[in-house]
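# Per-entry structural report
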Amino acid sequence: MELSCPNAVRLQKPEYTGNGNRLNGLFLSQAMQDGEAVRKLIHNGTWYADDMLSALYRYYQTKDKDTLIADIENIESQCLGIPNISIDVKDGKKIVTDWSFDEGRESYWADLSKYDEKHTIYVFDYMSFNEVGKQYENVSVAEVLRDTVEKRSYVVLNCPKTGDEELDLLLSNLYHNKDNDLHQPTYMKALEKINDKMIKAFSDRGEPLEEHKYIPAIIMLEEQSKKVFDNIDYREQHGFYKSKLCRELLKFSYLTSFQIIKFDENDLNQYVNNVQFAGNWQVAQRIITHKITENNPYYNSVNTGFLGLNNIRPRPKEKMYAEYYDKDLIYQQHIDMLKKSL
């Protein structure tokens, strides 16, 4: 299949989530000690897996156990047998149960405190076609559950090869150093190259992009963006919106996740310029947030990273930034109050 517009990229990426969600299932069951209930949901392709995982993540968001119980009971009513996670009655009270068979203990999936606990776990999927493993480093059940529900967790098993020699060399350097600190100049060159190819292809000025060659490359660059956003402190946050790297990430987000069928290069350029000449990082963030949310993308690592910049990074130790920080903090508190009043 040829990638003809941002929406085509957006729709094809979920096809590559299979291994990622299988690994997520291993992590989730180990972290929550559920007797492999969630792992089996995912690995067996159980018909109600999406509904059950969505119910668990909705419970984390709303903190409403009655709704969780109602959601699980609704799934139970449609099953011939008992689902992997189900509802039982103990001492006249409904409780959530799983496959752990720990006598007298309600499932940890009912314990909201467990969702935010951080875990470092290595998992290996012996039953997948490619036998792939993954190290989960200091991540929470809520984070991985969200990835699974939104099908954002991808696995790139081999170094992507697009057929473009210059781009492939950049991708190779990034892939073979993926366990080290990100080399930002190489990363930005790769973004520039792949953005340029997508813009030309979507505008019918360049060669068509084959899905099986370019989606793995897009996914790898998407995943490595986490290292960019994780390393932005307050000082960089203040001016990141004006940087060349931000410009390329904005383009990449637009070209690979937005629900846009008819590509308009002028709209892309106007969006990026509006951000880069916003004059203030918080104004720039409002522009970015509005553009991302109105285009209904999959919330991949790039979009999640941009939205995360709405929150002020920790206060820097240097006193020279104190006045800027205090002004920004007052501005954010004002915006938060406005949101609550709506």
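Above this text is the structure in question.
These notes cover the structure that comes with them. Since the model is a prediction, treat every value here as computed from it, not as a measurement.

Looking only at helices and strands, the protein chain has 15 helices and 6 strands in total. In terms of C-alpha radius of gyration, the protein chain reaches 22 Å, essentially the compact-globule figure of 20 Å for 342 residues. Judged by the C-alpha coordinates and their principal axes, the protein chain covers about 65 × 50 × 35 Å. Evaluated residue by residue, the protein chain yields a buried proportion of 48% over its 342 residues. Residue pairs at least 24 apart in sequence account for 66% of intrachain contacts in the protein chain once pairs closer than 6 positions are excluded. Accessible area for the protein chain stands at about 17800 Å²; split by element, carbon and sulfur atoms hold 49% of it. Of note, the protein chain has its 43 positive side-chain charges centred 5 Å away from the centre of its 53 negative side-chain charges.

Further remarks concern the pattern of salt bridges. For the coordinates displayed, the defined rule picks out 23 salt bridges. For the salt bridge of arginine 22 with aspartate 125, the shortest nitrogen-to-oxygen distance reads 2.6 Å. In this pair, arginine 22 is assigned in helix H2 (residues 18-32) and aspartate 125 in strand E4 (residues 118-125), connecting sequence segments 103 residues apart. Classification of aspartate 125 as buried rests on a relative accessible area of 2%. As a salt-bridge pair, glutamate 210 and lysine 213 come within 3.5 Å of each other at their nearest N and O atoms. Since its relative accessible area comes to 28%, lysine 213 is described here as partly exposed. By sharing partners, the salt bridges in this structure join Asp164, Glu166, Lys193 and Lys197 into a single network.

What follows deals with the environment of glutamine 135. Inspection of the secondary structure puts glutamine 135 in strand E5 (residues 132-140). Taking the C-alpha atoms as reference points, glutamine 135 and arginine 235, separated by 100 residues in sequence, lie 31 Å from one another. Setting aside chain neighbours within four positions, we find glutamine 135 in contact with Thr120, Ile121 and Tyr122.

The next subject is the packing of helix H7 (residues 165-175) against helix H8 (residues 184-202). Between H7 and H8, the shortest axis-to-axis distance is 9 Å and the interhelical angle comes to 140°. Between H7 and H8 the crossing geometry is left-handed. Across the interface between the two elements, Glu166, Leu167, Leu170, Asn173 and Leu174 from H7 touch Thr186, Tyr187, Lys189, Ala190, Lys193, Ile194 and Lys197 from H8.

Along H7, the residues that are buried comprise Leu167, Asp168, Leu170, Leu171, Leu174 and Tyr175. Axial view of H7: buried residues confined to an arc of 160°, hence all on one face. Exposed residues pointing more than 90 degrees away from the buried face of H7 are listed as Glu165 and Leu169. A distance of 3.2 Å separates the backbone nitrogen of glutamate 166 from a side-chain oxygen at the start of H7, and that oxygen is part of aspartate 164.

In the case of a regular strand, side chains alternate between the two sheet surfaces. Side chains His119, Ile121, Val123 and Asp125 of E4 all project onto a buried face; the interleaved residues Lys118, Thr120, Tyr122 and Phe124 project onto a face where none is buried. Examined bridge by bridge, E4 and E5 share 7 bridges and lie antiparallel to one another. The residue bridging valine 123 from the neighbouring strand is lysine 134, located in E5.

Right, let's get into the environment of aspartate 98. You can see aspartate 98 is positioned in the loop between strand E3 (93-97) and E4. Judged by relative accessible area, which is 9%, aspartate 98 ranks as buried. In the structure, aspartate 98 is positioned 11 residues away from tryptophan 109 in sequence and 8.4 Å away in space, judged by C-alpha atoms. The residues contacting aspartate 98, other than those within four sequence positions of it, are Gln33, Asp34, Ala37, Asn84, Ile85, Ser107, Tyr108 and Trp109. In terms of polar contacts, aspartate 98 uses its side chain to reach the side chain of serine 100, at 2.6 Å. Side chain to side chain, aspartate 98 and serine 107 meet in a polar contact 2.7 Å long.

This paragraph deals with the packing of helix H9 (residues 211-230) against helix H14 (residues 301-308). Look at H9 against H14: their axes get within 8 Å of each other, and the N-to-C directions meet at 20°. As the angle between them shows, H9 and H14 are arranged roughly parallel. Seen from H9, the contacting residues are Glu222, Glu223, Ser225, Lys226 and Phe229; seen from H14, they are Ser301, Val302, Gly305 and Phe306. Across the contact of H9 with H14, the residue classes break down as 3 nonpolar, 3 polar and 3 charged.

Further remarks concern the nonpolar core. Ranked by internal contacts, the top residues of the largest apolar core, which has 57 residues, are Tyr187, Ile194, Leu221, Phe240, Leu249 and Phe306. The set of elements that each furnish at least two residues to this core consists of helix H1 (6-12), H7, H8, H9, helix H11 (244-257), helix H12 (265-276), helix H13 (281-294) and H14. Broken down by element, this core gets its largest block of residues, 9 residues, from H9. Apart from the residues within four sequence positions on either side, tyrosine 187 is in contact with Leu174, Leu182, Leu221, Gln224, Ser225, Val228, Leu245 and Leu249. Leu26, Phe27, Ala49 and Ile72 belong to the second-largest nonpolar core, a separate cluster that totals 40 residues.

Moving on: the packing of aromatic side chains. Overall, the coordinates contain 15 aromatic pairs when judged by the stated rule. Considering the side-chain rings of phenylalanine 229 and phenylalanine 240, the 6.2 Å spacing of their centres and the 70° angle between planes classify their relative orientation as edge-to-face. Separated by 11 residues along the polypeptide, phenylalanine 229 in helix H9 and phenylalanine 240 in the loop between helix H10 (234-239) and H11 bring together distant segments of the chain. Seen in terms of ring centroids, phenylalanine 229 and phenylalanine 306 are 5.1 Å apart; in terms of plane orientation they differ by 70°. Their pairing is edge-to-face. Placement of the pair is phenylalanine 229 in helix H9 and phenylalanine 306 in helix H14, with a sequence separation of 77 residues. Linked through ring pairs, Tyr57, Tyr59, Tyr60, Trp109 and Tyr115 together constitute an aromatic cluster. A cation over a ring is seen here: lysine 178 above tyrosine 175, with NZ or CZ 3.9 Å from the ring centre.

Cut-off values and rules
- Residues numbered from 1 in each chain as written.
- Predicted model: local features only at pLDDT ≥ 70, side-chain atom pairs only at ≥ 80, totals over all residues.
- Heavy atoms only, no water.
- Helix = DSSP H or I, 4+ residues; strand = E, 2+ residues; numbered from the N terminus.
- Rg over C-alpha atoms; globule rule 2.2 N^0.38 Å.
- Buried < 20%, exposed > 50% of the residue type's maximum accessible area, 1.4 Å probe, protein only.
- Contact = heavy atoms within 4.5 Å.
- Areas by Shrake-Rupley, 256 points an atom, 1.4 Å probe, with all protein chains shown as cover.
- Lys, Arg positive; Asp, Glu negative; His and termini not counted.
- Charge placed at Lys NZ, Arg CZ, Asp CG, Glu CD.
- Salt bridge = Lys/Arg side-chain N within 4 Å of Asp/Glu carboxyl O.
- Axes fitted to C-alpha atoms, helices over the stretch in contact; angles between N-to-C directions.
- Left-handed = near helix turned anticlockwise from the far one by under 90°.
- Arc of directions from axis to C-beta.
- Polar contact = N/O pair within 3.5 Å; in protein donor to acceptor, adjacent residues only side chain to side chain.
- Pairing = 2+ DSSP bridges.
- Parallel < 35°, antiparallel > 145°, perpendicular 65-115°, else oblique.
- Nonpolar A, V, L, I, M, F, W, Y, C, P; charged D, E, K, R; others polar.
- Core = buried A, V, L, I, M, F, W, Y, C linked by side-chain atoms within 4.5 Å.
- Phe/Tyr/Trp six-rings, centres within 6.5 Å; stacked < 30°, edge-to-face > 60°.
- Lys NZ or Arg CZ within 6 Å of the ring centre and 35° of its normal.

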